[in-house]
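The residues making up each chain are set out below.
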Amino acid sequence: MGVSYFEYQDQKVASKSRLVVVIVSFLFPPAGYWLVGRTGLALICLLTFGFAFTGIVIVPIHTWLIIGGARRRAKLAGASAE
């Protein structure tokens with residue numbers, strides 16, 4: 001049986017290194033969102049200069065949570081996420 005689009009996306013995000021994504025998110029927040037496949041949030045962050053102030057705190061935490069959620073969903077679906 002085939003894998004759905006959402007399961008595939010979760011597997012891609014779940015395979016990312018949390019440490020690398022958090023470091024990139026701290027240095028340049030839009031790139032952190034881009035790494036986890038949230039291009040819309042990356043664009044909003046870039047256009048509103050949200051990364052200049054609160055982005056350096058919020059984006060690393062948010063990307064950490066995005067990867068954690070993807071790993072949980074991938075684990076429930078039966079895929080190897082680590």
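In this report, the structure presented in the accompanying data block is examined.

Here is what the cut-offs are and how they apply
- Residues numbered from 1 in each chain as written.
- Predicted model: local features only at pLDDT ≥ 70, side-chain atom pairs only at ≥ 80, totals over all residues.
- Heavy atoms only, no water.
- Helix = DSSP H or I, 4+ residues; strand = E, 2+ residues; numbered from the N terminus.
- Buried < 20%, exposed > 50% of the residue type's maximum accessible area, 1.4 Å probe, protein only.
- Contact = heavy atoms within 4.5 Å.
- Polar contact = N/O pair within 3.5 Å; in protein donor to acceptor, adjacent residues only side chain to side chain.
- Phe/Tyr/Trp six-rings, centres within 6.5 Å; stacked < 30°, edge-to-face > 60°.
- Lys NZ or Arg CZ within 6 Å of the ring centre and 35° of its normal.
- Patch = residues over 30% accessible without salt bridge, like charges linked within 9 Å, V, L, I, M, F, W, Y side chains within 5 Å.
- Areas by Shrake-Rupley, 256 points an atom, 1.4 Å probe, with all protein chains shown as cover.
- Salt bridge = Lys/Arg side-chain N within 4 Å of Asp/Glu carboxyl O.
- Axes fitted to C-alpha atoms, helices over the stretch in contact; angles between N-to-C directions.
- Parallel < 35°, antiparallel > 145°, perpendicular 65-115°, else oblique.
- Left-handed = near helix turned anticlockwise from the far one by under 90°.
- Nonpolar A, V, L, I, M, F, W, Y, C, P; charged D, E, K, R; others polar.

What follows is about the environment of aspartate 10. One can find aspartate 10 in helix α1 (residues 5–14). Taking relative accessible area as the criterion, aspartate 10 reaches 15% and is therefore assigned buried. In this structure the C-alpha to C-alpha distance between aspartate 10 and isoleucine 44, which are 34 residues apart in sequence, comes to 22 Å. In contact with aspartate 10, not counting residues within four places along its chain, are Ala70 and Arg73. Reaching out from aspartate 10, the side chain makes a polar contact with the side chain of arginine 73 at a distance of 3.0 Å.

Here we take up the packing of aromatic side chains. Overall, the coordinates contain one aromatic pair when judged by the stated rule. Geometrically, the ring pair formed by tyrosine 5 and phenylalanine 6 is edge-to-face, given 5.6 Å between the ring centres and 75° between the ring planes. Summarising the burial analysis for this pair, tyrosine 5 and phenylalanine 6 share the class exposed. Seen from the ring of tryptophan 64, arginine 18 lies directly overhead, with NZ or CZ sitting 4.3 Å from the centre.

Time to look at the environment of glycine 40. Among the secondary structure elements, glycine 40 is positioned in helix α4 (residues 39–47). Here glycine 40 falls in the partly exposed class, since its relative accessible area comes to 44%. Residues glycine 40 and valine 57, spaced 17 residues apart in sequence, show a C-alpha to C-alpha distance of 19 Å.

With that out of the way, let us pick up a nonpolar patch on the surface. Nonpolar side chains collect at one region of the surface, where Leu19, Ile23, Phe26, Leu27, Phe28, Leu46, Ile56, Val57, Ile58, Ile61, Trp64 and Leu65 lie side by side and expose about 1,200 Å² of accessible area between them. Of all the elements in the fold, those that place two or more residues in the nonpolar patch are α2 (18–27) and α5 (55–77). Among the elements that line the nonpolar patch, the one with the most residues is α5, at six residues. Here isoleucine 23 lies in helix α2.

Attention shifts here to the packing of α2 against α5. The angle between the axes and the distance between the axes are what describe a pair of packed helices. Running from N to C, α2 and α5 point in directions that differ by 155°, and their axes come no closer than 8 Å. Compared by their axis directions, α2 and α5 come out roughly antiparallel. Pair α2 / α5 crosses with right-handed handedness. Within the contact between the two elements, α2 uses Arg18, Val21, Val22, Ser25 and Phe26 and α5 uses Ile56, Val59, Pro60, Thr63, Trp64, Ile67, Gly68 and Arg71. Here the residues of the contact of α2 with α5 sort into eight nonpolar, three polar and two charged.

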